[in-house]
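Residues per chain, in single letters:
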Amino acid sequence: MPAERPFALVWFRRDLRLQDNPALHAALVSGHPVLALYIHDPRPADGWALGGANRWYLHQSLLALQQDLAEIGVPLACLKGDAEGEMKGFLTRRAVAKLYCNRVVEPGQGEVEADLCALAERGRIEVETFHDDSLLPPERVAKKDGTPYKVFTPFWRHVSDLLQRNGVEQRLFPRPRPAADPLPADPLEVEKLGLLDAHPWHRKLQAYWSPGESSALKAFSRFLQERIDGYDDWRDFPARQGTSRLSAALHFGELSAARLYAVCQGRLAHKADEGARAGIRRFLAEIGWREFSRHLLHAYPRSPAISLNGRFERPGAWAQDHNDRRLRAWQRGETGIPLVDAGMRELWESGWMHNRVRMVAASFLTKNLGIHWRQGAAWFWDTLVDADLASNTLGWQWVAGCGTDAAPYYRIFNPQLQARKFDPAGEYIRRWLGDGIEPAPLVDLGASRDRALQRYQAVIRGASG
Ligand SMILES: Cc1cc2nc3c(=O)[nH]c(=O)nc-3n(C[C@H](O)[C@H](O)[C@H](O)COP(=O)(O)OP(=O)(O)OC[C@H]3O[C@@H](n4cnc5c(N)ncnc54)[C@H](O)[C@@H]3O)c2cc1C
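Predicted model only: the values in this text are computed from it and were never measured.

(A) Inspection of the site of the ligand at higher detail. Not every one of the 27 residues close to the ligand is listed here, only the nearest: Tyr-231, Thr-243, Ser-244, Arg-245 and Asn-355. One nitrogen or oxygen atom from the main chain of Arg-245 is found 2.6 Å from an oxygen atom belonging to the ligand. Look at the ligand: alone it shows 820 Å² of surface, and the protein chains cover 95% of it. Structurally, the ligand is housed in the largest pocket. For the shell around the ligand, the elements supplying multiple residues, two or more each, are helix 9 (247–251), helix 11 (274–299), helix 14 (355–368) and helix 16 (389–400). Among the elements that take part in the shell around the ligand, helix 11 stands out by supplying five residues, more than any other. For the shell around the ligand, the residue count by class is 14 nonpolar, seven polar and six charged. Mapping the shell around the ligand onto the domain boundaries places at least three of its residues in each of domain 2 (134–175 + 213–301) and domain 3 (310–461).

What follows is the structure, given as structure tokens:
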């Protein structure tokens, strides 16, 4: 049997797309036949095994990617297990000349990447890695004194300046041309990863999401046509579809942040209407928050587990009474506080929650119920299709008031006032709660707010109790 012609191997990770994919592009122009690989490690060393909703989305997105790759003549191989061991086995079985991958900006993922690259190099396989997930590599952004930014506004100003000067166009690549001889896609390959739970609870998610690059591009284009100009006016109203709902697509890299940024900048340059310009700028700033989350996670790799303000890890910072019962009521949307319950049911039903309601639900859990933000973050991690270590950590620490650039502790969201302001006709609440009878409130909003402020006073005095 003739020896296999050596391959260019593209290791897919959070870049499940063909367009604007630097690693895939480099492999395709390398002159070698191209092979794609995905490795799912169900027990990653960093402890952040994927949550249920995230796994469902990933499964669907990989099926779409496999189909797209088949059209350009690239087969996708899927492996399940410890990433280093699986890659080692693969490299011994197949003739690989070069390994290409896009880096993932997460502490545990960075280590996996370094190990795998070292492994490939020991086998004399050339390795090329690319920056992809955020607009700029997090290590390139620092204050003048070399320390990380802790506050969003100066961070985003600095990043925007750097982007204005250098642009992102060099990272935009056209979709590769279809092959003359496309391949059949074998869904059993993706099934091997065992991403779906045996109990088909996830079927309901199909009504809300269609993962994959083509759907993400269509959703982005619809958002540009219909909603971005009014984004600044409508983004806070959960009953309206005022936001892009692109968070899961961005998390899995079905759409690149660089493309999003370049398209929005292009639009900004051609829009004269001040309202529309405000919408585009505001949307870009939200992409900026995503960027900031990566900056902070890179600077503080332990932040998914530990409050950045260490005072919030002291005894007495969180209420200890009835946590289990109250936590369950919050998870099930049975707190008796309509906006919180509507949000938690939206999350359970659809795998997503509107940002305004995420803030209100997180504030209620951490301040009114006094439950540690880690417990809320863990629930979101398991139930969000867009669960993202950097954004989830930033969101929770920001609301709990223990992060770097946090909402001042005393600004405790009042869910009733928030509902009156952002869901004035009660449309969102009715959509998720129906006309059923709400249980009695788990806590009195005023009294629990006062208790939160007392706990906070004790925390800043350094007292316990
Ligand atoms: C407690 C809490 C937990 C959160 N957990 C996550 C999470 O696990 N994954 C996640 O992607 N987002 C998270 N967010 C941020 C935000 O709620 C979602 O990104 C947003 O609701 C997604 O909807 P969208 O795509 O329609 O957003 P849009 O309003 O259309 O914004 C566009 C994109 O900008 C990014 N973005 C927007 N707001 C933020 C933000 N505050 N922080 C970081 N990125 C942002 C997202 O990638 C989003 O898709 C969390 C926020 C809070 C308060």
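(B) Spotlight on the side chain of Arg-358. Checked against the element boundaries, Arg-358 lands in helix 14. Assessed through its relative accessible area of 17%, Arg-358 is described here as buried. Filtering out sequence-adjacent residues up to four positions away, Arg-358 remains in contact with Trp-352, Met-353, Phe-380, Leu-384 and Asp-386.

(C) Spotlight on the pairing of strand 3 (residues 76–80). Burial analysis of strand 3 places four of its five residues in the buried class, which makes it a mostly covered element. Direction of pairing for strand 2 (residues 34–40) relative to strand 3: parallel, over a ladder of five bridges. Bridge pairing links Ile-39 to Leu-79 in strand 3. Where the polypeptide runs from strand 2 across helix 2 (residues 52–71) and back to strand 3, its parallel neighbour, the crossover connection is right-handed.

(D) Inspection of the packing of helix 12 (residues 323–332) against helix 15 (residues 373–383) at higher detail. Running from N to C, helix 12 and helix 15 point in directions that differ by 35 degrees, and their axes come no closer than 11 Å. With respect to the hand of their crossing, helix 12 and helix 15 are arranged in right-handed fashion. Listed contacts from helix 15 to Leu-327, Trp-330 and Gln-331 of helix 12 are Gln-375, Gly-376, Trp-379 and Phe-380.

(E) Molecular detail of the layout of surface pockets. Looking at the largest pocket, its volume works out to about 1100 Å³. Around the largest pocket sit 42 residues that line it, and Glu-286, Trp-289, Asn-355, Arg-358 and Ser-391 are the ones nearest its centre. Listed by contribution, the elements that provide at least two residues to the lining of the largest pocket are helix 5 (152–166), helix 9, helix 11, helix 14 and helix 16. Per-element accounting of the lining of the largest pocket gives the leading share, eight residues, to helix 11. Looking at the lining of the largest pocket, its residues break down into 19 nonpolar, 11 polar and 12 charged. A domain split of the lining of the largest pocket shows at least three residues from each of domain 2 (134–175 + 213–301) and domain 3 (310–461). Residue lining of the second largest pocket: 31 residues in total, with Asp-41, Pro-44, Ala-83, Gln-109 and Val-112 positioned closest to the centre. Among the elements of the structure, strand 1 (7–12), strand 2, helix 3 (83–93) and helix 4 (107–122) are those that each provide at least two residues to the lining of the second largest pocket.

(F) Here's a closer look at the nonpolar core. Membership of the largest hydrophobic core comes to 71 residues, with the highest contact counts inside it found for Phe-12, Tyr-38, Leu-62 and Leu-69. Those residues in contact with Leu-62 that lie beyond four places of it in its chain are Leu-16, Tyr-38, Leu-76, Val-190, Leu-193 and Leu-195. Core analysis: the next-biggest nonpolar cluster, separate from the first, contains 52 residues, Ala-329, Phe-380, Val-399 and Trp-432 among them.

(G) How the structure looks around the sheet that holds strand 4 (residues 96–102). The strand order across the open sheet formed by five strands is 3-2-1-4-5, and the pairing between neighbours is parallel. Each end of this open sheet is capped by a strand with a single partner; those strands are strand 3 and strand 5 (126–130). Looking at each pair of strands side by side, their axes are set apart by 25 degrees on average, direction ignored. Where helix 3 meets the sheet, its contacts fall on strand 1, strand 2, strand 3 and strand 4, and the angle it forms with strand 2 comes to roughly 155 degrees.

(H) Fine view of helix 13 (residues 338–350). A rise of 1.5 Å per residue sets the reference length of helix 13, with its 13 residues, at 18 Å; its end C-alpha atoms lie 18 Å apart and thus fit the reference within 8%. Count one or two residues on from helix 13 and you reach Gly-351, which has phi positive near 75 degrees.

(I) Main features of the domain arrangement of the chain. Looking at the chain, the domain boundaries give domain 1 (7–132), domain 2 (134–175 + 213–301) and domain 3 (310–461). Put simply, the middle of domain 1 and the middle of domain 2, counted by C-alpha atoms, are 25 Å apart. Facing 20 residues of domain 1, the contacting portion of domain 2 comprises 25 residues. Summed over both sides, the interface of domain 1 with domain 2 buries roughly 2200 Å², with 54% coming from carbon and sulfur. The three residues of domain 1 that bury the most area against domain 2 are Gln-19, Asp-20 and His-131, which together make up 28% of that side's buried surface. Put simply, domain 1 and domain 2 have two salt bridges between them. Counting residues per element, the ones that place at least two in the side of domain 1 that touches domain 2 are helix 1 (22–28) and helix 2. Looking at the side of domain 1 that touches domain 2 element by element, the count peaks at five residues for helix 2.

The rules behind each value
- Residues numbered from 1 in each chain as written.
- Predicted model: local features only at pLDDT ≥ 70, side-chain atom pairs only at ≥ 80, totals over all residues.
- Heavy atoms only, no water.
- Near = heavy atom within 4 Å.
- Polar contact = N/O pair within 3.5 Å; in protein donor to acceptor, adjacent residues only side chain to side chain.
- Areas by Shrake-Rupley, 256 points an atom, 1.4 Å probe, with all protein chains shown as cover.
- 1 Å grid on protein atoms, 1.4 Å probe; cavity = no way out; pocket = protein on both sides within 12 Å on 5 of 7 lines; lining within 4 Å.
- Sits in = over half its atoms within 2 Å of the grid points.
- Helix = DSSP H or I, 4+ residues; strand = E, 2+ residues; numbered from the N terminus.
- Nonpolar A, V, L, I, M, F, W, Y, C, P; charged D, E, K, R; others polar.
- Domains from an automatic or database assignment.
- Buried < 20%, exposed > 50% of the residue type's maximum accessible area, 1.4 Å probe, protein only.
- Contact = heavy atoms within 4.5 Å.
- Pairing = 2+ DSSP bridges.
- Right-handed = clockwise from strand over helix to strand, strands pointing away.
- Axes fitted to C-alpha atoms, helices over the stretch in contact; angles between N-to-C directions.
- Left-handed = near helix turned anticlockwise from the far one by under 90°.
- Points joined across faces, edges and corners; volume = space filled by probe spheres on them.
- Core = buried A, V, L, I, M, F, W, Y, C linked by side-chain atoms within 4.5 Å.
- Expected span 1.5 Å × (residues − 1).
- Buried area = accessible area lost by both parts, 1.4 Å probe.
- Salt bridge = Lys/Arg side-chain N within 4 Å of Asp/Glu carboxyl O.

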